[in-house]
Amino acid sequence: IYFKETFHITKKTIEDIKLDWVRMAHEKYLYEIQPKPGAKEFIRFLKEKGIKTGCASSNDIYLALAALNPHGWLEKMDSVRTACEVNAGKPAPDIYLKVAEDLGVAPENCLVFEDIPNGMRAGKAAGMTVVGVEDESAKKHKEEIDTICDYFIKDYYEVLEGKLEVEYELSSGK
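These numbers were taken from a predicted model, which means no experiment stands behind them.

> I tried to follow helix α3 (residues 39–48) on my own but got confused; where do I start?
Since there are 3.6 residues in each turn of an α-helix, residues three or four apart along the chain are aligned in direction. Taken residue by residue, α3 has Ala39, Phe42, Ile43, Phe45 and Leu46 as its buried positions. For α3, the angular spread of buried residues about the axis comes to 160°, placing them on one side. Glycine 50, located one to two residues past α3, shows a positive phi value of around 75°.

> Explain helix α2 (residues 14–31) here, please?
Under the 1.5 Å per step criterion, the end-to-end length of α2 is 26 Å for 18 residues, consistent within 8% with the ideal 26 Å. Residues of α2 that are buried include every one of Ile17, Asp20 and His26, and no others. Those residues of α2 that are buried are in contact with α1 (2–6) and α4 (61–68).

> So what exactly am I meant to see when it comes to the sheet that holds strand β3 (residues 111–114) here?
Working definition: the strands of a sheet are paired by backbone hydrogen bonds and lie parallel or antiparallel to each other. Within the open sheet, the three strands sit side by side as β3-β4-β5. Their pairing is parallel. Each edge of the open sheet carries a strand with a single partner, namely β3 and β5 (151–153). Neighbouring strand axes in the sheet, compared pairwise and without regard to direction, differ in orientation by 25° on average. Direction of pairing for β3 relative to strand β4 (residues 129–133): parallel, over a ladder of four bridges. Bridge pairing links glutamate 114 to glycine 132 in β4. Each of β3 and β4 touches helix α6 (residues 117–125); the most contacted strand, β4, lies at about 165° to it.

> Looking at this model, I keep getting lost on the nonpolar core. Mind explaining?
The nonpolar side chains of a soluble globular protein tend to be buried with one another. Within the largest apolar cluster, 18 residues are counted, with the highest numbers of intra-cluster contacts made by Tyr96, Met120 and Met128. Of all the secondary structure elements, the ones that give two or more residues to this core are α5 (94–103), α6 and α7 (142–148). Sorting elements by how many residues they give to this core places α5 first, with five residues. In this view, methionine 128 contacts Tyr96, Leu97, Ala100, Pro107, Cys110, Val112, Gly123 and Asp150; residues no more than four positions away in its chain are not counted. Core analysis: the second largest hydrophobic core is formed by 17 residues, Ala39, Ile43, Ile51 and Cys55 among them.

> Is there a simple way to think about unusual backbone geometry in this case?
It is generally the case that most residues other than glycine have a negative phi and that most peptide bonds are trans. Note that the residue after lysine 90, namely proline 91, is joined by a cis bond; omega there is 20°. Take proline 91: it is sitting in the loop between β2 (79–82) and α5. The residue histidine 8 is not glycine, and still its phi comes out positive at about 50°. Along the chain, histidine 8 turns up in the loop between α1 and α2.

What counts, and at which threshold
Residues numbered from 1 in each chain as written. Predicted model: local features only at pLDDT ≥ 70, side-chain atom pairs only at ≥ 80, totals over all residues. Heavy atoms only, no water. Buried < 20%, exposed > 50% of the residue type's maximum accessible area, 1.4 Å probe, protein only. Helix = DSSP H or I, 4+ residues; strand = E, 2+ residues; numbered from the N terminus. Arc of directions from axis to C-beta. Expected span 1.5 Å × (residues − 1). Contact = heavy atoms within 4.5 Å. Pairing = 2+ DSSP bridges. Axes fitted to C-alpha atoms, helices over the stretch in contact; angles between N-to-C directions. Core = buried A, V, L, I, M, F, W, Y, C linked by side-chain atoms within 4.5 Å.

Any link to function would need more than the numbers given here.
Given below as C-alpha cells:
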C-alpha cells in the first residue's frame, strides 16, 4: 500500500506489485547473488565432518530455494525453514529454534552465521552462539553488530583456517 500510494502506481494492484518484487528477488537469487567467500568450502567441510546444517530464512520458501538451489546447497541442508512457518520473523528467535528442533540439537550447541542485525538478534534470543559475517549492506551497523555477535568474520575462509576459537569444536564434529 505504501509503495502504491507513495509512488502513485495506478496501473497495478498491490498483489501485482508484490508479485513483481518476488519475481525480481527470485531472479537476483538465481543469477546475481553469489555466496560469501569460502561459504561453499565451509558447507562442504561441515558435511564431510558429519555436522548438521540448517537454513533459517526470513524469505518465503520460493526465494529460499532460489538462493540454495543454484549452488547445490539444498541437498546439503538437514533443515530448511522460513519465517512463514513460525509465529514471528527475525529478530524473534522462533525460526532458529525451529531449525534446532529439526536438527535435534540444543540451541546452546548451535552456531548461527548471520550478516544482518535482526538475524543476529534472533540467534542471540534463541540462546545460540552468533558469528557475524561481513556484508557490504550491514557495514553501517558495524558498532551494533559488534555488540550482538560472539564472533565476527570477514569470510568463511577465516573459519576454515582456524582463526576462530570455535574451530576445534567444528573440526571434532561437535
